[in-house]
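# Coordinate inspection notes
In case you want the letters, here they are:
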Amino acid sequence: MDTRPFRSVLYIPGSKERALEKATGLDTDAIIFDLEDAVAIDEKPHARKLLAEKLATLDYGRRAKLVRVNALSTPWGADDLDVIATAKPEAILLPKVDSAAHIDALARLLDTRSETANTRIWAMIESPLGVLNALEIAQAPRMGGFIMGTNDLAKDMGCRFRADRLPLLSALQLPLMAAKAAGIVAVDGVYNAFKDDDGLRAECQQGRDMGFDGKTLIHPAQLDIANQIFAPTDEEVTLARRQIAAFDEATAKGEGVAVVDGKIVENLHIVTAQQTLAKADAIASLTE
Ligand code: COA
Ligand code: MG
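First things first, this report covers the structure right here in the doc. Treat the numbers as computed from the prediction; the structure is a model and nothing was measured.

## Digging into the sheet that holds strand 7 (residues 185–188)
What the 8 strands build is a closed barrel, ordered 1-2-3-4-5-6-7-8; its pairing is parallel. Ignoring strand direction, the axes of neighbouring strands in this sheet form an average angle of 25 degrees. One ladder, built from 5 bridges, connects strand 1 (residues 8–13) with strand 2 (residues 30–34); its direction is parallel. The partner of proline 13 across the bridge, within strand 2, is aspartate 34.

## A few points about unusual backbone geometry
Phi angles above zero are rare outside glycine, and arginine 142 is one such case at about 70 degrees. Relative to the assigned elements, arginine 142 resides in the loop between helix 6 (134–138) and strand 6 (143–148). The backbone phi angle of aspartate 261 is positive, close to 55 degrees, even though this residue is not glycine. Note that aspartate 261 resides in the loop between strand 9 (258–260) and strand 10 (263–265).

## Some remarks on the packing of helix 2 (residues 44–57) against helix 3 (residues 77–85)
In a pair of packed helices, the angle between the axes and the distance between the axes together describe the arrangement. Across the interface, helix 2 lies against helix 3 with an axial gap of 9 Å and an inter-helix angle of 20 degrees. Here helix 2 is positioned roughly parallel relative to helix 3, judged by the angle of their axes. The crossing of helix 2 and helix 3 is right-handed. When helix 2 is examined against helix 3, the residues Arg48, Lys49, Leu51 and Ala52 are found in contact with a partner set consisting of Asp79, Asp80, Val83 and Ile84. Along the lines of polarity and charge, the residues of the contact of helix 2 with helix 3 split into 4 nonpolar, no polar and 4 charged.

## Considering the packing of helix 11 (residues 234–252) against helix 12 (residues 267–284)
Put simply, helix 11 and helix 12 touch, their axes get as near as 9 Å, and they point 135 degrees apart. Here helix 11 is positioned oblique relative to helix 12, judged by the angle of their axes. By crossing handedness, the relation of helix 11 to helix 12 is classed as left-handed. Touching Glu236, Val237, Ala240, Arg241, Gln243, Ile244 and Phe247 of helix 11 are Asn267, His269, Ile270, Ala273, Gln274, Thr276, Leu277 and Ala280, all from helix 12. Among the residues making up the contact of helix 11 with helix 12, the classes are represented as 8 nonpolar, 5 polar and 2 charged.

## Some details on the packing of aromatic side chains
Counted by the stated rule, this structure contains 2 aromatic pairs. Relative to tyrosine 60, the ring of phenylalanine 33 has its centre 5.0 Å away and its plane inclined at 65 degrees; by these criteria the two rings are edge-to-face. On the criterion of sequence distance, the pair formed by phenylalanine 33 in strand 2 and tyrosine 60 in the loop between helix 2 and strand 3 (64–68) is long-range, its members being 27 residues apart. Residue class for phenylalanine 33 comes out buried when judged on its relative accessible area of 0%. In this structure, lysine 44 is placed above the aromatic ring of tryptophan 76, and the distance from its NZ or CZ to the ring centre is 5.1 Å.

## Regarding helix 2
A rise of 1.5 Å per residue sets the reference length of helix 2, with its 14 residues, at 20 Å; its end C-alpha atoms lie 20 Å apart and thus fit the reference within 8%. All buried positions along helix 2 are accounted for by Lys44, Ala47, Arg48, Leu50, Leu51, Ala52, Lys54 and Leu55. Buried residues along helix 2 sit in contact with helix 1 (17–22), strand 2, strand 3 and helix 3.

## Topic: the site of ligand 1
As a matter of local geometry, ligand 1 sits amid 16 residues, with Tyr11, Lys16, Arg18, Ile218 and His219 nearest to it. Between ligand 1 and tyrosine 11 there is a distance of 2.7 Å, counted from a nitrogen atom to a backbone nitrogen or oxygen. Taken by itself ligand 1 offers 900 Å² of open surface, and the protein chains cover 62% of this. Within the residue set of the shell around ligand 1, elements represented by two or more residues are strand 1 and helix 1. Sorting elements by how many residues they give to the shell around ligand 1 places strand 1 first, with 4 residues. The residue makeup of the shell around ligand 1, split by class, is 10 nonpolar, 1 polar and 5 charged.

## Here's the deal with the coordination of the magnesium ion (ligand 2)
Only Glu126 (OE) and Asp152 (OD) from the protein reach the magnesium ion (ligand 2) as donors, at distances of 2.0 to 2.2 Å. With glutamate 126 in the loop between strand 5 (120–125) and helix 5 (128–132) and aspartate 152 in helix 7 (residues 150–157), this residue pair connects regions lying 26 residues apart in the sequence. By relative accessible area, glutamate 126 is classed as buried at 3%.

## Describing the pattern of salt bridges
One pass over the structure, following the stated rule, counts 26 salt bridges. Measuring nitrogen to oxygen at the nearest pair gives 3.4 Å for the salt bridge that ties aspartate 37 to lysine 96. With a gap of 59 residues between them, aspartate 37 in the loop between strand 2 and helix 2 and lysine 96 in the loop between strand 4 (91–94) and helix 4 (100–111) connect regions that are remote in the sequence. Judged by its relative accessible area of 51%, aspartate 37 falls in the exposed class. Looking at lysine 96, the relative accessible area reads 33%, which means it is partly exposed. Two residues, aspartate 80 and arginine 48, come together in a salt bridge whose shortest N-O distance is 2.6 Å. Taken together, the residues span a long stretch of sequence, with aspartate 80 in helix 3 and arginine 48 in helix 2 at a distance of 32 residues. Comparing aspartate 80 with arginine 48, the two get one shared label, buried. Look at the salt bridges and you will find they share partners, linking Asp34, Glu36, Asp37, Arg68, Lys96, Asp152, Lys155 and Asp156 into a network.

Calculation notes
- Residues numbered from 1 in each chain as written.
- Chains lettered and ligands numbered in written order.
- Predicted model: local features only at pLDDT ≥ 70, side-chain atom pairs only at ≥ 80, totals over all residues.
- Heavy atoms only, no water.
- Pairing = 2+ DSSP bridges.
- Helix = DSSP H or I, 4+ residues; strand = E, 2+ residues; numbered from the N terminus.
- Axes fitted to C-alpha atoms, helices over the stretch in contact; angles between N-to-C directions.
- Parallel < 35°, antiparallel > 145°, perpendicular 65-115°, else oblique.
- Left-handed = near helix turned anticlockwise from the far one by under 90°.
- Contact = heavy atoms within 4.5 Å.
- Nonpolar A, V, L, I, M, F, W, Y, C, P; charged D, E, K, R; others polar.
- Phe/Tyr/Trp six-rings, centres within 6.5 Å; stacked < 30°, edge-to-face > 60°.
- Buried < 20%, exposed > 50% of the residue type's maximum accessible area, 1.4 Å probe, protein only.
- Lys NZ or Arg CZ within 6 Å of the ring centre and 35° of its normal.
- Expected span 1.5 Å × (residues − 1).
- Near = heavy atom within 4 Å.
- Polar contact = N/O pair within 3.5 Å; in protein donor to acceptor, adjacent residues only side chain to side chain.
- Areas by Shrake-Rupley, 256 points an atom, 1.4 Å probe, with all protein chains shown as cover.
- Donors = N, O, S within 2.8 Å, 3.2 Å for Na, K, Ca; no water.
- Salt bridge = Lys/Arg side-chain N within 4 Å of Asp/Glu carboxyl O.

Function-wise, these values are silent; they only describe arrangement.
Here it is in C-alpha cells:
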C-alpha cells in the first residue's frame, strides 16, 4: 500500500503548458497528467510530446505523478505509451478499465521496456462492467490505485446528478471495497462545479466518510478544501492519542477494553487510532 497522502489529486490537461508549469508549486498530493478526455483529438500528438518534455525537465517534488493515457483500444493509446515511456513514468492511469485483462495487457507492454520496468498501474473505474469486476482489477499485477470516473459512470448508468449522490452510491462503494480488500489507494471522482466551494466541501466530506483517500480535482482553487477535509482533524488526533493512552493503561492492568468519553475502546479501535496518527504525521512531514 502506498503510504503517501492522496488527499488531493489534480487533473492537468497534457496540452496546457502554463498549467503543467504552475503545478510544480501547487499544494497537491498527486497530479494526473491527462492525455485522454481533457485533450482534443487534434491536440493529442502535441500534448504527449509536451508532457514527456515537461516530465523530464520539471521538478514536481513530492507529488505523486500519474499519466492518464488513452485506452489501448483507441488510435492514440499505443503512441501515448511510446512517447511517455521515455520520461520513465511513475504510474500510468488507464481509463475505461472493464476487466483485469485490460490491466494485464498494459502490464505486458510495460514489461517490454526497461524505462517502465517499475511503473505502477492505476485504473479509472468508470463503467458498470468496471464496477462489477472491481475486485479482479484491484488484484491485478502492478496495481497502485483506483480513480473513480463519476462523469462517465453517470453517463453509462443513465443516472442523474444529485447532491447526495444516491444513484451512484453502489458504484462508488463496490470499487472502494475492492480497493480496500486488495490494499490499494482509492480516490473519489471530480466535483464539476469548480467555483462552488460549499458543494465541493460537502462532496469531499461524503467521500471521506465513505473511506476514500482523497478527491480528484479539476482546478487549483479546489485544493485547499480537499487537503483539509481528507486530513485528520486536530480533534481526531487528540482523541486517537487519548484512546491509545487509555488502552495502554487498561492492558497494563490486565484488561482488554478501555473506556474513553463513555465509549469502549478495543484493540481494533487502536488500529484505527494508529492509522489516524500515521496519516497526520505523513501530512505534517510534507516539505512543500
Ligand atoms: N491544473 C493546474 N493549473 C491550472 C488548472 C489545472 N487543472 N486549471 C487552471 N489552472 C491554472 C491556470 O493555468 C491559471 O494559471 P495562471 O493564472 O497562473 O495563468 C490559473 O490556474 C487560473 O485558471 P482559470 O483561468 O481560473 O481557469 P481556466 O478558466 O483557464 O480553466 C478549466 C478552467 C476547468 C478549463 C481548467 O481548470 C481545466 O482545464 N481543468 C482540468 C480539466 C480536466 O483535466 N478534465 C479531465 C478530467 S475531468
Ligand atoms: Mg472518463
